[in-house]
Amino acid sequence: MLNDFLRLNPEAREKLVKDLEKKGIFDKNVLNALLQVPRELFLDPSLFVRAYDDMALPIEFNQTISQPYTVAFMTQLLELKQGDRVLEIGTGSGYQSMILKLCSAEVFTIERISQLYHKSKSLFEMLNFNIHIELGDGSVGLPEFMPYDAIIVTAGLPSIPNELVKQLKFNGKIVAPVGDLKSQTMTKLIRIDDDKFTITEHSKFRFVPLIGDKGWYIDDQN
Ligand code: SAM
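Below is a short write-up of the structure. (Residues numbered from 1 in each chain as written. Predicted model: local features only at pLDDT ≥ 70, side-chain atom pairs only at ≥ 80, totals over all residues. Heavy atoms only, no water.)

Before going further, it helps to spend a moment on the site of the ligand. In the vicinity of the ligand, 26 residues are found, and the nearest of them are S93, E111, D137, G138 and I211. E111 places a polar side-chain atom, nitrogen or oxygen, 2.6 Å from an oxygen atom of the ligand. In this structure, I211 approaches the ligand through a main-chain N or O atom, which is 2.7 Å from a nitrogen atom. Mapped onto the shell around the ligand, the elements with two or more residues apiece are strand 2 (64–65), helix 5 (95–102) and strand 4 (106–111). Looking at the shell around the ligand residue by residue, the classes come out as 10 nonpolar, 12 polar and 4 charged. (Near = heavy atom within 4 Å. Polar contact = N/O pair within 3.5 Å; in protein donor to acceptor, adjacent residues only side chain to side chain. Helix = DSSP H or I, 4+ residues; strand = E, 2+ residues; numbered from the N terminus. Nonpolar A, V, L, I, M, F, W, Y, C, P; charged D, E, K, R; others polar.)

Another aspect to go through is the sheet that holds strand 5 (residues 132–135). The strand order across the open sheet built from 7 strands is 5-4-3-6-7-8-9, with neighbouring strands paired in mixed fashion. What marks the edges here is a single partner per strand, and that holds for strand 5 and strand 9 (197–205). Across this sheet, the average inter-strand angle for adjacent strands is 15°, counted without regard to direction. Direction of pairing for strand 7 (residues 168–179) relative to strand 8 (residues 184–191): antiparallel, over a ladder of 7 bridges. Note on strand 8: the bridge partner recorded for I174 is L189. Running at roughly 165° to strand 4, helix 5 makes contact with strand 3 (85–89), strand 4 and strand 6 (148–153) of the sheet. (Pairing = 2+ DSSP bridges. Axes fitted to C-alpha atoms, helices over the stretch in contact; angles between N-to-C directions. Contact = heavy atoms within 4.5 Å.)

Let's shift gears to the pairing of strand 4. When a strand is regular, its side chains alternate between the sheet's two faces. For strand 4, a buried count of 5 out of 6 residues is recorded, marking the element as mostly surrounded by other parts of the structure. As paired strands, strand 3 and strand 4 are joined by 5 bridges and run parallel to one another. Paired with V86 across the strands is V107, a residue of strand 4. For the crossover from strand 3 across helix 5 to strand 4, the handedness is right-handed. Pairing of strand 4 with strand 5 involves 4 bridges; the strand directions are parallel. For T109, the partnering residue across the bridge sits in strand 5 and is I133. In this fold, strand 4 hands off to helix 6 (residues 114–126), which returns the chain to strand 5; that crossover is right-handed. (Buried < 20%, exposed > 50% of the residue type's maximum accessible area, 1.4 Å probe, protein only. Right-handed = clockwise from strand over helix to strand, strands pointing away.)

Right, let's get into the side chain of R39. Within the secondary structure, R39 sits in the loop between helix 3 (28–36) and strand 1 (57–58). Within the structure, R39 has its side chain in polar contact with the backbone oxygen of A51 (distance 2.8 Å).

The α-helix winds at 3.6 residues per turn, so residues separated by three or four positions along the chain end up facing the same way. When we look at burial in helix 3, the residues that qualify are V30, L31, A33 and L34. The buried residues of helix 3 occupy an angular sector of 160° when the element is viewed end-on, so they sit on one face. The elements touched by buried residues of helix 3 are helix 2 (10–22), helix 4 (68–78) and helix 5. Where helix 3 starts, the residue carrying a side-chain oxygen 2.9 Å from the main-chain nitrogen of N29 turns out to be D27. (Arc of directions from axis to C-beta.)

Rendered as C-alpha cells:
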C-alpha cells in the first residue's frame, strides 16, 4: 500500500533529503527512510503544498508533526540497528513512528490524545505497517514491553524521568528535548549499567509539551 503513495511527489522528497544532508544528516538509513515516507499522508489536504517544507506543521488538537530535520536528527542520534526495540513517546501524526520502523526497528509508540491515537492506528493498519500503538501517558514509559534499546520522546519535558531510564537495556539510549516550555535542548542519555549513565547535549529545539505524570501539568482538556 505504501508503494501506491510513493508516487506522491518523489522529486520533492529527494530535494528534502539532499537539503537534510547539507544540514548535517549523514545516516543513510535515516535519509533513505525519509525518502520513502510521503509526508502528505499525515497532513490535512490544505497543507499538502507545504508537505516538504522543512518545518513543523499543525495537526489536530493543537499538536504538530515535527520538522523533517528534527525527525532525522533525533533518529540519527538513536543509532538504530537491525531489530532494535524502540519506544516512541508522543505518536502524534505517526510520521516519526514510520521513520523508526523503516530504520529496521521494532516500534512501540504511545499517544495521550485518543483521537490522534485512533487516527495513527488506522493509518498504520491501512499501510500494513506493523507498529504497536498504545493510548496513555507515556511520561512513565511503557513498562509492559521493556527493555528497550532506544526511547525517543517527541514532546518537550522538564527532565528525563528515572522511570524511562529503568526501561532501557544497558547501552540503550534516550533522545529527548529537555528544558522549559519555551525552549529545549536535545539531550541524549546512554544507560551504562544499573545506576550509571552518560548525558550529551545537542542543539536547541522547540516542542509542544509532554503532558503527564512525569511531564508538565497542563489542563488542555484532551
Ligand atoms: N512524533 C510526532 C509526529 O511525527 O507527528 C510528533 C509529535 S507532537 C510534536 C507531540 C505528541 O506528543 C502530541 O501528539 C501529544 O499529544 C503527545 N503527548 C504529549 N504528552 C504525552 C504523553 N504524556 N504521553 C503520550 N503522548 C504525549
